[in-house]
Each structure stands twice: as C-alpha cells, then as structure tokens.
Amino acid sequence: NSPSMRKIFSLIERVAQTTTNVLVTGESGTGKELVAKAIHSYSPRADKPFISINCAALPENLLESELFGHIKGSFTGAIKDKEGLFKAADSGTFFLDEVGETSPAIQVKLLRALEEKEITPVGGTKKILVDVRLIAATNSNLEQTVKDGKFRADLFYRLNVIQINLPTLRERKDDIPTLSNYFIKKYSQEFDLKEKSLAPETLQILCEYSWPGNVRELENTLERAIILAKGNTIYPEDLPAKIKEKNIAPPVSDTTPATPSLEEIE
C-alpha cells in the first residue's frame with residue numbers, strides 16, 4: 001500500500017497494454033520477476049507464453065543456445081535441433097533476468113532480435129521471425145556498466161524504453177505488516193497449519209530490521225518462523241538471531257562477490 005508501490009502498479013497497468021520493451025531495476029529480492037509477470041498478465045498477450053531465463057546462470061555458449069536454439073551438429077553434444085527460448089516465447093513475453101551479465105557476443109544477437117524481430121540458431125543460416133515482448137531486469141547499475149564499456153549502449157537504450165525501478169523493503173517499511181500477514185497466511189495454508197499471528201514485539205523487530213535481502217528475505221524469515229513457532233503466535237525467539245541484532249547489513253547487491261552464493265546470502 002505504500003505510495004511508491006502504488007505508482008508502480010499504475011505504471012504496470014499502463015505499460016502492459018503496449019508492446020514496448022521494459023527494463024526493471026532494483027536490488028535482489030525486490031520482486032523484479034513478479035513485475036514482469038504482472039505486465040504479462042495485464043497485457044493482450046496474457047494467454048500466450050511467459051518465458052523467463054536468468055542470464056547469469058549459464059556460461060556464454062549454453063546461454064546462446066538456450067536463447068536462440070541450435071542446429072544439430074553445431075557443437076559437441078548438439079545431437080538434434082533445439083528450439084530456443086525466443087522461439088518458445090513467440091507471440092508472448094520473454095523475461096531476461098540479470099541481462100547485464102551477458103557477454104558482448106550475446107548482446108549483439110539480442111540487439112538484432114529486438115531490432116529485426118528475427119533470430120538465427122547457433123550453427124544455422126536460416127533466420128526465424130519472432131514476435132516477442134521483451135522485459136529485462138538487472139540489480140546492477142546498467143548505465144554505469146555502459147560507461148565502463150561492458151554493456152552495449154545501443155542495446156541499453158533499446159531495452160530501457162520504459163524503466164520501472166523497484167524500491168527496497170527498507171524504503172517502504174509501512175508495507176512490512178501487510179506483506180507479513182500475506183506470507184503467514186500463504187505458508188500456514190501450504191503447511192496445513194492453523195493460521196498464526198505475530199506478537200506485537202515480533203512485528204516491531206521486523207519493522208526495525210534493514211532487510212538487505214528485501215521481500216525475499218522477509219518471506220524466508222516468516223516461512224522459517226511458522227515452522228519453528230510452537231503455538232499460534234510467532235515470538236521473537238522464532239526469528240533468526242541476525243534479525244534481532246538490529247545490525248545494518250549491506251544489501252545483497254552490494255556484497256562481494258556481486259553474485260554471492262546461497263550460503264553467503266543466508
């Protein structure tokens with residue numbers, strides 16, 4: 001219900017009716033993929049495919065194959081033709097998460113796909129026409145990445161037609177009670193438990209914590225608390241120790257390395 005999120009909801013509804021490319025920015029855990037899914041759901045393409053991929057999760061050669069497909073025999077292990085995700089998302093929406101992690105070679109092909117609305121599979125020569133609404137996301141400063149020469153400026157401007165910047169949870173702490181109630185209800189139903197409630201002192205601790213992992217961290221914290229709480233009320237002792245310490249931890253996106261392991265985030 002925070003004013004910053006209400007503005008974003010309004011922007012989503014307006015942007016959804018177009019085919020304009022959207023760049024969603026924000027720290028890890030703020031809900032960038034949820035925004036992409038919301039845009040798709042409100043759009044005329046809602047009954048068409050919604051395809052997503054995390055560009056940082058795959059090495060360059062595998063990412064290229066996943067995005068654009070490949071022809072049998074184009075590389076070792078390519079035992080048959082494979083349709084890429086761009087083709088799979090044809091007439092629908094394609095969400096590219098962590099687009100800033102792509103290599104220069106991938107960026108060139110992405111730019112061509114956006115400008116010409118066509119792709120060429122790895123090892124192929126025949127162009128394939130695709131009609132895809134592209135939504136990209138990043139938790140890094142893509143403008144600075146462009147200045148550093150690590151991301152193509154022309155691709156950045158092609159992606160950044162409409163930018164939706166998601167606020168951190170610490171910037172909208174008024175939403176913590178609402179989000180907490182939602183997650184408690186969600187996991188109580190999922191675990192087939194009687195719905196639990198937050199003790200006033202527990203809610204106060206949640207509202208005072210800095211939430212470097214944002215909404216995702218809040219969700220994981222409450223899932224844990226629902227499992228550990230012995231009664232129908234969640235008390236401070238059901239929370240992780242670091243939540244109660246009130247130490248201001250750096251945002252996940254500011255930690256070193258830039259893409260920390262799950263263990264480091266926890």
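Conventions and cut-offs
Starting afresh in each chain, residues are numbered from 1 along the sequence in its written order. Given that the model is predicted, a residue must reach a pLDDT of at least 70 before its local features are reported, and side-chain atom pairs must reach 80 or more before they are shown or counted; all residues, however, enter totals for whole chains, interfaces and linings. To obtain the side-chain values, all non-hydrogen atoms of the structure were included, while hydrogens and water were left out. To qualify as a helix, a DSSP run of H or I must reach at least 4 residues; to qualify as a strand, a run of E must reach at least 2; elements of each kind are numbered from the N terminus. Every case where a carboxyl oxygen of Asp or Glu lies within 4 Å of a side-chain nitrogen of Lys or Arg is listed as a salt bridge. Burial classes: relative accessible area under 20% of the type maximum marks a residue as buried, over 50% as exposed, and values in between as partly exposed (1.4 Å probe, protein chains only). Each axis is a line fitted through C-alpha atoms, taken for helices only over the stretch in contact, and angles between the N-to-C directions span 0 to 180 degrees. These descriptions rest on fixed angle ranges, namely under 35 degrees for roughly parallel, over 145 for roughly antiparallel, 65 to 115 for roughly perpendicular, and the rest for oblique. Each crossing is labelled by how the near helix is turned from the far one, with a counterclockwise turn of less than a right angle marking it left-handed and a clockwise turn marking it right-handed. In what follows, a contact means two residues having at least one pair of non-hydrogen atoms within 4.5 Å. Under this grouping Gly is polar, as are all residues other than the nonpolar Ala, Val, Leu, Ile, Met, Phe, Trp, Tyr, Cys and Pro and the charged Asp, Glu, Lys and Arg. Two strands qualify as a pair provided DSSP detects at least 2 bridges between them. To pair, rings of Phe, Tyr and Trp, with the six-membered ring standing in for Trp, must have centres within 6.5 Å; the planes then decide the type, stacked if under 30 degrees apart, edge-to-face if over 60, and tilted in the middle.

(A) Representation of the environment of Asn220 within the structure. Relative to the helices and strands, Asn220 resides in helix H10 (residues 214–228). Residues Asn220 and Ile243, 23 residues apart in the sequence, show an inter-C-alpha distance of 12 Å.

(B) Inspection of the pattern of salt bridges at higher detail. All chains considered together, the criterion is met by eleven salt bridges. One salt bridge in this structure joins Arg45 and Asp131, with 2.9 Å as the shortest N-O distance. Of the two residues, Arg45 sits in the loop between helix H2 (32–42) and strand E2 (50–54) while Asp131 sits in the loop between strand E5 (128–129) and strand E6 (133–138), which places them 86 residues apart along the sequence. The buried category is assigned to Arg45, whose relative accessible area is 12%. On the basis of relative accessibility, which here comes to 35%, the residue Asp131 falls in the partly exposed class. Between Lys109 and Glu64 there is a salt bridge, with the nearest N and O atoms lying 3.1 Å from each other. Highlighted residues: Lys109 in helix H5 (residues 104–116) and Glu64 in helix H3 (residues 60–68), separated in sequence by 45 residues. Here Lys109 falls in the partly exposed class, since its relative accessible area comes to 22%.

(C) Here's a closer look at the packing of helix H8 (residues 176–190) against H10. Contact geometry of H8 with H10 gives a least axis separation of 9 Å together with a crossing angle of 45°. Considered as vectors, H8 and H10 are oriented oblique to each other. The hand of the H8/H10 crossing is right-handed. Judged by residue contacts, Ile176, Leu179, Ser180, Phe183, Ile184, Lys186, Tyr187 and Ser188 of H8 engage Val215, Leu218, Glu219, Leu222, Glu223 and Ile226 from H10. Its residues assigned to classes, the contact of H8 with H10 shows nine nonpolar, two polar and three charged.

(D) How the structure looks around the pairing of strand E3 (residues 93–97). By the criterion of burial, E3 is predominantly enclosed, with five of the five residues buried. The side-chain alternation of E3 yields two buried faces, one formed by Thr93, Phe95 and Asp97 and the other by Phe94 and Leu96. Pairing geometry for E3 and E6, over four bridges, is parallel. Residue pairing in the sheet places Thr93 in a bridge with Arg133 of E6.

(E) Summary view of the packing of aromatic side chains. All told, the structure shown has seven aromatic pairs when counted by the stated rule. Where Phe68 meets Phe86, the ring centres are 5.6 Å apart and the plane angle is 5°; that geometry is what we call stacked. Of this pair, Phe68 sits in helix H3 while Phe86 sits in helix H4 (residues 85–88), and the two are 18 residues apart along the sequence. What makes Phe68 buried here is its relative accessible area of 2%. Relative to Phe183, the ring of Tyr182 lies with its centre 5.4 Å away and its plane at 65°, an arrangement referred to as edge-to-face. Classification of Tyr182 by relative accessible area gives exposed; the value is 51%. Three or more aromatic residues joined by ring pairs form one cluster here, namely Phe68, Phe86 and Phe94.

(F) Just the packing of H3 against H5, in detail. Running from N to C, H3 and H5 point in directions that differ by 15°, and their axes come no closer than 10 Å. The orientation of H3 with respect to H5, classified from their angle, is roughly parallel. Here H3 runs over H5; the crossing is right-handed. Residues Glu60, Leu63, Glu64, Leu67 and Phe68 of H3 form the contact with H5, whose participating residues are Ala105, Ile106, Lys109 and Leu110. Split into classes, the residues belonging to the contact of H3 with H5 amount to six nonpolar, no polar and three charged.

(G) Quick look at the side chain of Thr202. Note that Thr202 resides in helix H9 (residues 200–208). On the accessibility criterion, Thr202 (0% relative accessible area) is buried. Discounting chain neighbours no more than four positions away, the residues touching Thr202 are Ile234, Tyr235, Pro236 and Leu239.

(H) Local environment of the sheet that holds E6. As summarised here, the arrangement of the five strands in space is E2-E3-E6-E1-E7, forming an open sheet in which the pairing is parallel. Two strands close off the open sheet at either side, each with one partner strand: E2 and strand E7 (162–165). Between one strand axis and the next, the sheet turns by 20° as a mean value, whatever way the strands run.

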